[in-house]
Amino acid sequence: AQSVSQHNHHVILSEAASLELGCNYSYGGTVNLFWYVQYPGQHLQLLLKYFSGDPLVKGIKGFEAEFIKSKFSFNLRKPSVQWSDTAEYFCAVSPSGGSYIPTFGRGTSLIVHP
Amino acid sequence: NAGVTQTPKFRVLKTGQSMTLLCAQDMNHEYMYWYRQDPGMGLRLIHYSVGEGTTAKGEVPDGYNVSRLKKQNFLLGLESAAPSQTSVYFCASSYGHSYEQYFGPGTRLTVT
């Protein structure tokens, strides 16, 4: 079974700072990768996803993530955060082929100070 | 399209009471999931279903039962609620395990 590790549990930044949230997974085969965002009091929604092709994926609200296969990583980045980016961010991994349940990381809480 | 809806939004139960949470989706998804979210624990999968009439256990199934009698609905039941089941419950649906999940707005359950 696969596993997902999000190293940063809590991140506090000031507006305009750059963001990078780590996500590493363990699985020997081909995977689909996701980042979800949960704004305070709301449900999870998809931020971006990687299935194949260009390992640099662009999502909504200026977020991007890079899949580095050799490092089993899918880190989320944003060059300049805003107060409205305050949220919890979840990385998720699902082996391609559809036989295995997707696995979520424990989440990273991001607080952006104005 | 409403997407994924959940009822109720909030509920307070006393220990030992029972209740059913309803999840409905209008996207014709085959796969549906029930998660619980607790502080510092992330999302934990309770049960899931890969099609009408089928259900399977997830990571934390004890104390919960589910049913998928119709493709669009996935019910989560608590037969005898315990304080440890105080949590926020999210339902999700997708085209398959490999695809993105669409989440409902959640049900906040408190068991006293």
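See the structure printed just above.
Residues numbered from 1 in each chain as written. Chains lettered and ligands numbered in written order. Predicted model: local features only at pLDDT ≥ 70, side-chain atom pairs only at ≥ 80, totals over all residues. Heavy atoms only, no water.

Student: So what exactly am I meant to see when it comes to the pairing of strand β8 (residues 64-68) of chain A here?
Tutor: When a strand is regular, its side chains alternate between the sheet's two faces. All names here are of chain A. Pairing of strand β7 (residues 56-58) with β8, which is carried by three bridges, proceeds in the antiparallel orientation. Within the sheet, the bridge partner assigned to Leu-56 lies in β8 and is Glu-66. Between β7 and β8, which follow one another and run antiparallel, lie five residues, and Lys-61 among them has a positive phi close to 60°. Sheet topology note: the β8/strand β9 (residues 73-78) ladder contains five bridges and is antiparallel. (Pairing = 2+ DSSP bridges. Helix = DSSP H or I, 4+ residues; strand = E, 2+ residues; numbered from the N terminus.)

Student: Would you mind showing me how to read the nonpolar core here?
Tutor: Among soluble globular proteins, nonpolar side chains are generally buried collectively. Counting residues in each nonpolar core, the largest one holds 28 residues, and the members touching the most others are Leu-19, Leu-33, Trp-35, Leu-48, Phe-74, Leu-76 and Tyr-89 of chain A. Elements supplying a minimum of two residues to this core: β2 (10-14), β3 (19-21), β5 (31-38), β6 (45-50), β8, β9, β10 (87-95) and β12 (108-113) of chain A. Once residues lying within four places of it in the same chain are set aside, the contact partners of Leu-76 of chain A are Leu-19, Glu-20, Leu-21, Trp-35, Leu-47, Leu-48, Phe-63, Glu-64, Ala-65 and Tyr-89 of chain A. Counting 19 residues, the second largest nonpolar core, distinct from the first, contains Met-19, Cys-23, Trp-34 and Cys-91 of chain B. (Core = buried A, V, L, I, M, F, W, Y, C linked by side-chain atoms within 4.5 Å. Buried < 20%, exposed > 50% of the residue type's maximum accessible area, 1.4 Å probe, protein only. Contact = heavy atoms within 4.5 Å.)

Student: Help me understand the environment of Ser-3 of chain A, please; the structure alone is not making it clear to me.
Tutor: Residues and elements named next belong to chain A. Examined against the element boundaries, Ser-3 turns out to sit in strand β1 (residues 3-5). Sequence separation of Ser-3 and Val-93 is 90 residues, and the distance between their C-alpha atoms is 7.9 Å. Filtering out sequence-adjacent residues up to four positions away, Ser-3 remains in contact with Asn-24, Tyr-25, Ser-26 and Thr-103. Separated by 2.5 Å, the side chains of Ser-3 and Ser-26 make a polar contact. (Polar contact = N/O pair within 3.5 Å; in protein donor to acceptor, adjacent residues only side chain to side chain.)

Student: Even after reading the chapter, I still don't get the interface of chain A and chain B, so can you show me in this structure?
Tutor: As a measure of interface size, the accessible area lost when the parts come together is often cited. Chain A puts 22 residues into the contact, and the matching count from chain B is 19 residues. Buried surface at the junction of chain A and chain B, summed over both partners, amounts to about 1600 Å²; 58% is from carbon and sulfur atoms. On the chain A side of the interface with chain B, the three residues burying the most area are Ile-101, Phe-104 and Arg-106 of chain A, jointly 31% of the side's total. Across the contact surface, chain A and chain B share one salt bridge. Residues Lys-49 of chain A and Glu-100 of chain B are paired through a salt bridge, measuring 2.8 Å at the closest nitrogen-oxygen approach. Seen at the junction of chain A and chain B, the total is six residue pairs in polar contact (both at pLDDT 80 or more). At the level of secondary structure, the elements contributing two or more residues to the side of chain A that touches chain B comprise β5, β6 and β10 of chain A. Looking at the side of chain A that touches chain B element by element, the count peaks at four residues for β5 of chain A. In the side of chain A that touches chain B, the residues fall into 11 nonpolar, nine polar and two charged. (Buried area = accessible area lost by both parts, 1.4 Å probe. Salt bridge = Lys/Arg side-chain N within 4 Å of Asp/Glu carboxyl O. Nonpolar A, V, L, I, M, F, W, Y, C, P; charged D, E, K, R; others polar.)

Student: Quick question: what am I supposed to make of the pairing of strand β3 (residues 19-25) of chain B here?
Tutor: Residues and elements named next belong to chain B. Burial along β3 is one-sided: Met-19, Leu-21, Cys-23 and Gln-25 are buried, and none of Thr-20, Leu-22 and Ala-24, which face the opposite way, are. Bridging between β3 and strand β8 (residues 73-78) involves six bridges; their strand directions are antiparallel. Looking across to β8, one finds that Leu-22 is bridged to Leu-75.

Student: I keep staring at the packing of aromatic side chains and nothing clicks. Help me out?
Tutor: Each pair of aromatic rings is reported with the distance of its centres and the angle of its planes. What the rule picks out here adds up to 16 aromatic pairs over all chains. Geometrically, the ring pair formed by Tyr-36 of chain A and Phe-104 of chain A is tilted, given 5.5 Å between the ring centres and 40° between the ring planes. Of this pair, Tyr-36 of chain A sits in strand β5 while Phe-104 of chain A is found in strand β11 (residues 103-104), placing the two residues 68 residues apart along the sequence. The exposure classification of Tyr-36 of chain A matches that of Phe-104 of chain A, with both residues buried. Pairing Tyr-64 of chain B with Tyr-89 of chain B gives two aromatic rings, centres 5.8 Å apart and planes at 65°, and the pair type is edge-to-face. With Tyr-64 of chain B in the loop between β6 (56-57) and β7 (65-67) and Tyr-89 of chain B in strand β9 (residues 87-94), the pair connects residues that are 25 residues apart, well separated along the chain. Accessibility assignment for this pair places Tyr-64 of chain B and Tyr-89 of chain B in one class, buried. The rings of Phe-34, Tyr-36, Phe-51 and Phe-104 of chain A together with Tyr-33, Tyr-35, Tyr-48, Tyr-99 and Phe-103 of chain B are connected pair by pair, giving a single aromatic cluster. Directly above the aromatic system of Phe-51 of chain A lies the positively charged group of Lys-49 of chain A, at a separation of 5.4 Å from the ring centroid. (Phe/Tyr/Trp six-rings, centres within 6.5 Å; stacked < 30°, edge-to-face > 60°. Lys NZ or Arg CZ within 6 Å of the ring centre and 35° of its normal.)

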